[in-house]
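# Architecture at a glance
As a plain string of letters, each chain reads:
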Amino acid sequence: MPGLLRGVARTAVVAGTATAVSNRVSRRQAGRWAQQDYDQQQAQQQQAPPPPPAAPQAPASDDMSHRIEQLKQLADLKAQGVLSDEEFESQKRRLLA
């Protein structure tokens, strides 16, 4: 019986030691992986390009040239007889408003 008890005690000590070592290794690995993830996130944030600047507003001259072109088209339609004087004037006011 003493031999059996000694064997059981030795097994318990070995198993306990193995468990403690295994837990310590797991914690160290988890800590290293967490540090690596943190480092990668920091690197990605530093490497991320800044957001593109907002699209510039179209210059007023482009808008005015567009309006002038539309007025010319309205005048052509009036000259062809497609638009009456009243229709031309109302469209012109709408464009210039």
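Details of the structure are given in the entry above.
Worth saying up front: this structure is predicted, and the values here are computed from it rather than measured.

## Here we look at the overall build of the chain
Within the chain, the secondary structure is distributed over three helices and zero strands. Listed N to C, the secondary structure of the chain is α-α-α in terms of helices and strands. Sorting the 97 residues of the chain into buried and exposed places 4% on the buried side. Accessible surface for the chain amounts to roughly 8700 Å². Of this, 57% is attributable to carbon and sulfur atoms.

## Re a positive patch on the surface
There is a patch of like positive charges on the surface, built from Arg24, Arg27, Arg28 and Arg32. For Arg28, the position within the fold is in helix H1 (residues 2-47). On the basis of relative accessibility, which here comes to 45%, the residue Arg28 falls in the partly exposed class.

## Focus: the pattern of salt bridges
Tallied over the full model, the rule gives two salt bridges. Here Lys78 makes a salt bridge to Asp85, at a shortest N to O gap of 3.3 Å. Of the charged contacts, one joins Lys92 and Glu89 as a salt bridge, the two residues approaching to 3.6 Å between their closest N and O atoms. A residue pair is termed a helical-turn pair when its members lie 3 or 4 positions apart in one helix, as Lys92 and Glu89 do in helix H3 (residues 85-96) at three residues. Assessed through its relative accessible area of 30%, Glu89 is described here as partly exposed.

Calculation rules
Residues numbered from 1 in each chain as written. Predicted model: local features only at pLDDT ≥ 70, side-chain atom pairs only at ≥ 80, totals over all residues. Heavy atoms only, no water. Helix = DSSP H or I, 4+ residues; strand = E, 2+ residues; numbered from the N terminus. Buried < 20%, exposed > 50% of the residue type's maximum accessible area, 1.4 Å probe, protein only. Areas by Shrake-Rupley, 256 points an atom, 1.4 Å probe, with all protein chains shown as cover. Patch = residues over 30% accessible without salt bridge, like charges linked within 9 Å, V, L, I, M, F, W, Y side chains within 5 Å. Salt bridge = Lys/Arg side-chain N within 4 Å of Asp/Glu carboxyl O. Lys, Arg positive; Asp, Glu negative; His and termini not counted. Charge placed at Lys NZ, Arg CZ, Asp CG, Glu CD.

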